[in-house]
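Notes for the structure review
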Amino acid sequence: MGRYAGPVVKVARRLGINIAETEKVQKYLDRRPYSPGQHGQKKTRRPSDYAVRLREKQKLRFIYEVGERQFRNLFEEASRKKGVTGTIFLQLLESRLDNVVFRMGIASTRRQARQFVRHGHILVNGKKVDLPGYRVQQGDEIAVSEKGKKLAFIQANVERFKGRKSFPWVEFNPETMKGRFLRVPEREALSIPVNEQLVIEFYSR
């Protein structure tokens, strides 16, 4: 299964969470807090254990907008490392370049961040990196390219997020359009509405 490229709101309503982490999607969910379609408001039967686990997996995959194969590979990598698998898995997802660009406020969504990266507008330690899934390391400098600084979308995003409370594991200077990935976040710092233990159970079945 590839990466989903359809309407974000439709998936958000089906899963019941703000997968884009944007005000626009949240407004849609507040206005229509039920699944899309003519049967969206009808009561459904209690889902099976498998369905519950699958739903949690889909939530996490759609939040970070990662294709199924890449998502599974990251999970397997996390399961081989020492420590709490669920936390390590989330940290690997948070370390993706497209996600870091989103967290810094350079992009308004992860989907937009992926486009910026692919079009060569993002530098890592002074070098262009066009792979959205590139693994950012602690201490890496993330910057907008000179060409990217002239883009109206990036300028608007940076200006909009100037007064926003930043995430403690990244820093970003809106004047220079440069930032740094300070560290991988602890699980407690991530306000992600997903039970990652159910994701582990899904892949361990």
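Residues numbered from 1 in each chain as written. Predicted model: local features only at pLDDT ≥ 70, side-chain atom pairs only at ≥ 80, totals over all residues. Heavy atoms only, no water.

1. Comments concerning the sheet that holds strand 2 (residues 127-128)
Reading across the sheet, the five strands line up as 2-1-3-5-4 and stay open at both edges, with antiparallel pairing between neighbours. Lying at the two open borders of the sheet, with one neighbouring strand each, are strand 2 and strand 4 (170-173). As defined by bridge partners, strand 1 (residues 122-124) adjoins strand 3 (residues 141-144) across three bridges and the pair is classed as antiparallel. Residue pairing across strands places Val124 opposite Ile142, the latter belonging to strand 3. Running over the sheet, helix 6 (residues 97-104) touches strand 1, strand 3, strand 4 and strand 5 (178-181) and is turned about 60 degrees from strand 4. (Pairing = 2+ DSSP bridges. Helix = DSSP H or I, 4+ residues; strand = E, 2+ residues; numbered from the N terminus. Contact = heavy atoms within 4.5 Å. Axes fitted to C-alpha atoms, helices over the stretch in contact; angles between N-to-C directions.)

2. Here we look at the nonpolar core
Counting 42 residues, the largest nonpolar core has Leu60, Phe89, Leu97, Val101 and Ile142 as its most contacted members. Both domains that furnish three or more residues to this core are identified here as domain 1 (8-90 + 192-204) and domain 2 (94-181). If sequence neighbours within four positions are ignored, Leu97 has contacts with Val117, Ile122, Val124, Val129, Leu131, Pro132, Tyr134, Val136 and Ile142. (Core = buried A, V, L, I, M, F, W, Y, C linked by side-chain atoms within 4.5 Å. Buried < 20%, exposed > 50% of the residue type's maximum accessible area, 1.4 Å probe, protein only. Domains from an automatic or database assignment.)

3. Section: the pairing of strand 4
Pairing geometry for strand 4 and strand 5, over four bridges, is antiparallel. The partner of Val170 across the bridge, within strand 5, is Phe181. Between strand 4 and strand 5, which pair antiparallel and follow one another directly, the connecting turn spans four residues, one of which, Met177, has a positive phi of 55 degrees.

4. What to know about unusual backbone geometry
Positive phi is not limited to glycine here, since Asn125 has a value of about 55 degrees. Structurally, Asn125 is set in the loop between strand 1 and strand 2. The phi dihedral of Met177 is positive, around 55 degrees, even though this residue is not glycine. You can see Met177 is positioned in the loop between strand 4 and strand 5.

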